[in-house]
Amino acid sequence: MSRDAERKLIAANKKARHDYTVLKTYEAGIVLAGTEVKSLREGRVSLVDAFAQESDGELLLHGLHIAEYGYGTWTNHQPRRTRKLLLRRVEIDRILEKLRDGGVTLVPLSMYFSNGWAKVEIALARGRRSYDKRQVLAERDANREIARELGRRLKGRRPAGGGRRQG
């Protein structure tokens, strides 16, 4: 079975890939309450303002919003509580070492179910400046246009711009 077939995407942080240059990604488990899992299964989660930080040698996820479960009672969870990330000690130590070097942050990219377990894809990332963002967008548009033109030529269609070539 392929890796994507066993994953059920819950939410993705598209803005993170725009605002940051992703250096390395990690898959982490997350400590959740029962009503949080039920809310995740309904897809009621937002990664927009979320980030991870170190606290006492552990990685904690701050700002992750999981909406309260509609059928929950007094046992319902707080939507923006801090949640612990579950990684191997060796991975945590590597991440903390890179975070201490500076200029790097931990941002969640996506949240999904993998074989029934809730997982978060976190990334070591470096922030982009506004001119870097514009440059990346221009490069992406240029690559898209090249691919589009190449597809047209492979299919034997006339080049974009219409009409016959003059020459």
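The paragraphs below set out a description of the structure included in this document. (Residues numbered from 1 in each chain as written. Predicted model: local features only at pLDDT ≥ 70, side-chain atom pairs only at ≥ 80, totals over all residues. Heavy atoms only, no water.)

1. Side note on the nonpolar core
Buried together is how nonpolar side chains tend to be arranged in soluble globular proteins. Grouped together as the largest cluster of nonpolar side chains are 27 residues, with contacts concentrated most on Leu 64, Leu 85 and Met 111. Of all elements in the fold, only β1 (7-12), β2 (20-30), β5 (58-62), α3 (89-101), β8 (105-114) and β9 (117-127) reach the threshold of two or more residues within this core. The element that contributes the greatest number of residues to this core is β9, accounting for four residues. Not counting the four nearest positions on each side in its chain, Leu 64 is found in contact with Ile 30, Val 45, Ser 46, Leu 47, Ala 50, Pro 79, Arg 80, Arg 81, Arg 83 and Met 111. One finds Ala 16, Val 107, Leu 109 and Ala 123 within the second-largest nonpolar core, a separate group that totals five residues. (Core = buried A, V, L, I, M, F, W, Y, C linked by side-chain atoms within 4.5 Å. Buried < 20%, exposed > 50% of the residue type's maximum accessible area, 1.4 Å probe, protein only. Helix = DSSP H or I, 4+ residues; strand = E, 2+ residues; numbered from the N terminus. Contact = heavy atoms within 4.5 Å.)

2. Here's the deal with the packing of aromatic side chains
Counting across every chain of the model gives zero aromatic pairs. Of note, Arg 41 hangs over the ring of Phe 113, and the distance from its end group to the ring centre comes to 4.3 Å. (Phe/Tyr/Trp six-rings, centres within 6.5 Å; stacked < 30°, edge-to-face > 60°. Lys NZ or Arg CZ within 6 Å of the ring centre and 35° of its normal.)

3. Notes on helix α4 (residues 130-154)
Taking 1.5 Å per residue, 25 residues should reach 36 Å; α4 reaches 36 Å between its end C-alpha atoms and fits that length. At the C-terminal side of α4, Gly 156 shows a positive phi close to 80°. (Expected span 1.5 Å × (residues − 1).)

4. Describing the pattern of salt bridges
Side-chain pairs of opposite charge can arise whenever the charged atoms involved come near each other. One pass over the full model with this rule turns up nine salt bridges. The partner of Asp 93 in a salt bridge is Arg 89, with the nearest N and O atoms 3.4 Å apart. A residue pair is termed a helical-turn pair when its members lie 3 or 4 positions apart in one helix, as Asp 93 and Arg 89 do in helix α3 at four residues. Taking relative accessible area as the criterion, Asp 93 reaches 39% and is therefore assigned partly exposed. You can call Arg 89 partly exposed: its relative accessible area is 47%. With its nearest N and O atoms 3.3 Å apart, the salt bridge here joins Glu 149 to Arg 153. Taken together, the positions of Glu 149 and Arg 153, both in helix α4 and four residues apart, correspond to about one turn of that helix. Residue Arg 153 is classed as exposed on the basis of its relative accessible area of 51%. (Salt bridge = Lys/Arg side-chain N within 4 Å of Asp/Glu carboxyl O.)

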